[in-house]
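Close look at the chain arrangement
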Amino acid sequence: MPAPSLSLRIAPDLPSAVPGVWHADALGAGPQAAQPTGHALLDAQLPGGGWPVGALCEVLQPLAGLHEWQLVLPALAQATARRTGAVVAVAPPCEPFGPALKAQGLPSERLCVVRASSARAAFWAAEQALRCHGVLAVMAWLPQAPAAALRRLQLAAAQQQQLLWVFRPVSAAPQASPALLRLQVQGRWLSADTSAPAAPSMQVQILKRRGPPLVQALDLPGCHPRLAQALAAQAERRHAAQVVARAMVARYNAAALGEQAAPMRPEPAMVALQGRVHALDRIAAAMAG
């Protein structure tokens, strides 16, 4: 006896909004609390308009230590300004720089850094922090966390209604994850004008959310606006120096070939470069080169 064929029938008279029913072609809406990310483009694409509170947010990136703070710091600054509790960073790959965090709204006295000697110890510390009533948010770098361990963290965050970010490498993307929200972040350089120095940015791809897939990645600022302005200024000075150097080489080559070299005049860019050299020149050189 042949198996009965199944047909999908769409009722045109169904209401667009049914209490308790979520349409998969729309962003999920419900009792899930959310903390605004501080990035308007990202908030517009997340259910509830921000990071889900009491749920696991998983962030994948090629190299740990590059974009985590820039991504979550605006939300942490808002959360710590409104609520009590500590922010626990478990096994961060780099030492957090207190003055920079404080300048962007996260007081250093609200930050607790936990060092772990092994992946198992890091997971244990993250779970214990989530079960503590005096903790507001947890950031955990767990490159080798199995799905069962992530589920335990998800349950602990849901019980205490805390913010939870777990940072893992991009190689973990094919693995199943209980995270309610899953992002992939990588750095890039943006410039509206090809002749101007590029500004650092983050390309954020939403891999998993309660809603339809988002094919196009989001471009978010990769550093604080004041730092981006300083880097751009230093890169412009380096670009001006390169223009002057190329002009001088061209004139010397012309003289070597027996042609009459034009009289040397100070270039405007060279005059601008006669000021004091900024300490960020090395960063600008790396950005422009």
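Above this text is the structure in question.
Residues numbered from 1 in each chain as written. Predicted model: local features only at pLDDT ≥ 70, side-chain atom pairs only at ≥ 80, totals over all residues. Heavy atoms only, no water.

Things to note about the packing of aromatic side chains
- Counting across every chain of the model gives three aromatic pairs.
- With centroids separated by 5.6 Å and ring planes inclined at 85°, the aromatic side chains of tryptophan 51 and tryptophan 165 adopt a geometry described as edge-to-face. Linking tryptophan 51 in strand S2 (residues 51-52) with tryptophan 165 in strand S7 (residues 163-169), this pair joins segments that are 114 residues apart in sequence. Residue tryptophan 51 shares its accessibility class with tryptophan 165, and that shared class is buried.
- Note on tryptophan 69 and tryptophan 141: the rings are 6.5 Å apart at their centroids and 40° apart in plane angle, and the pair reads as tilted. Note that tryptophan 69 is positioned in helix H2 (residues 68-82) and tryptophan 141 in strand S6 (residues 135-141), a separation of 72 residues in sequence. (Phe/Tyr/Trp six-rings, centres within 6.5 Å; stacked < 30°, edge-to-face > 60°. Helix = DSSP H or I, 4+ residues; strand = E, 2+ residues; numbered from the N terminus. Buried < 20%, exposed > 50% of the residue type's maximum accessible area, 1.4 Å probe, protein only.)

Examining the pairing of S7
- Within S7, six of the seven residues are buried, which leaves it mostly tucked inside the rest of the structure.
- The pairing of strand S3 (residues 55-61) with S7 spans seven bridges and is classified as parallel. If you follow cysteine 57 over to S7, its bridge partner there is tryptophan 165.
- The parallel pair S6 and S7, bridged by helix H5 (residues 147-160), forms a crossover whose chirality is right-handed. (Pairing = 2+ DSSP bridges. Right-handed = clockwise from strand over helix to strand, strands pointing away.)

Let's talk about the nonpolar core
- Within the largest apolar cluster, 34 residues are counted, with the highest numbers of intra-cluster contacts made by Trp51, Leu71 and Trp165.
- Of all the secondary-structure elements, those providing two or more residues to this core are S3, H2, strand S4 (86-90), S6, S7, strand S8 (181-190), strand S9 (199-208) and strand S10 (218-221).
- Counting residues in each nonpolar core, the second largest holds 22 residues, with Val90, Leu150, Ala157 and Ala179 among its members. (Core = buried A, V, L, I, M, F, W, Y, C linked by side-chain atoms within 4.5 Å.)

Things to note about the state of the cysteines
- What the rule picks out here adds up to zero disulfides.
- Between cysteine 112, a cysteine without a disulfide, and cysteine 132, which holds the nearest cysteine sulfur, the sulfur-to-sulfur distance is 9.4 Å.
- Residue class for cysteine 112 comes out partly exposed when judged on its relative accessible area of 37%. (Disulfide = S-S within 2.5 Å.)

Describing the packing of helix H4 (residues 119-130) against H5
- Running from amino to carboxyl end, H4 crosses H5 at an angle of 15°, the nearest separation of the two axes being 8 Å. The angle between H4 and H5 falls in the class roughly parallel. When the axes of H4 and H5 are compared, the crossing they make is left-handed. Residue-level contacts link Phe123, Ala126, Glu127 and Leu130 of H4 to Ala149, Arg152, Leu153, Ala156, Ala157 and Gln160 of H5.
- For the contact of H4 with H5, the per-class residue count stands at seven nonpolar, one polar and two charged. (Axes fitted to C-alpha atoms, helices over the stretch in contact; angles between N-to-C directions. Parallel < 35°, antiparallel > 145°, perpendicular 65-115°, else oblique. Left-handed = near helix turned anticlockwise from the far one by under 90°. Contact = heavy atoms within 4.5 Å. Nonpolar A, V, L, I, M, F, W, Y, C, P; charged D, E, K, R; others polar.)

Structural notes on the environment of proline 169
- Assignment of secondary structure puts proline 169 in strand S7.
- For the pair formed by proline 169 and valine 185, sequence separation is 16 residues and the distance between their alpha carbons is 10.0 Å.

Quick word on the pattern of salt bridges
- According to the stated counting rule, one finds five salt bridges in the structure shown.
- Ionic pairing is found between arginine 168 and glutamate 58, a salt bridge with its closest N-O pair at 2.9 Å. Of this pair, arginine 168 sits in strand S7 while glutamate 58 sits in strand S3, placing them 110 residues apart in sequence.
- Under the relative-accessibility criterion, arginine 168 is labelled buried at 4%. (Salt bridge = Lys/Arg side-chain N within 4 Å of Asp/Glu carboxyl O.)

Points about the side chain of glutamate 127
- Within the secondary structure, glutamate 127 is located in helix H4.
- What makes glutamate 127 buried here is its relative accessible area of 4%.
- At 2.7 Å, the side chain of glutamate 127 forms a polar contact with the side chain of arginine 152.
- Leave out the neighbours within four places in its chain, and glutamate 127 touches Arg152 and Leu153. (Polar contact = N/O pair within 3.5 Å; in protein donor to acceptor, adjacent residues only side chain to side chain.)

In short, geometric facts, not functional conclusions.
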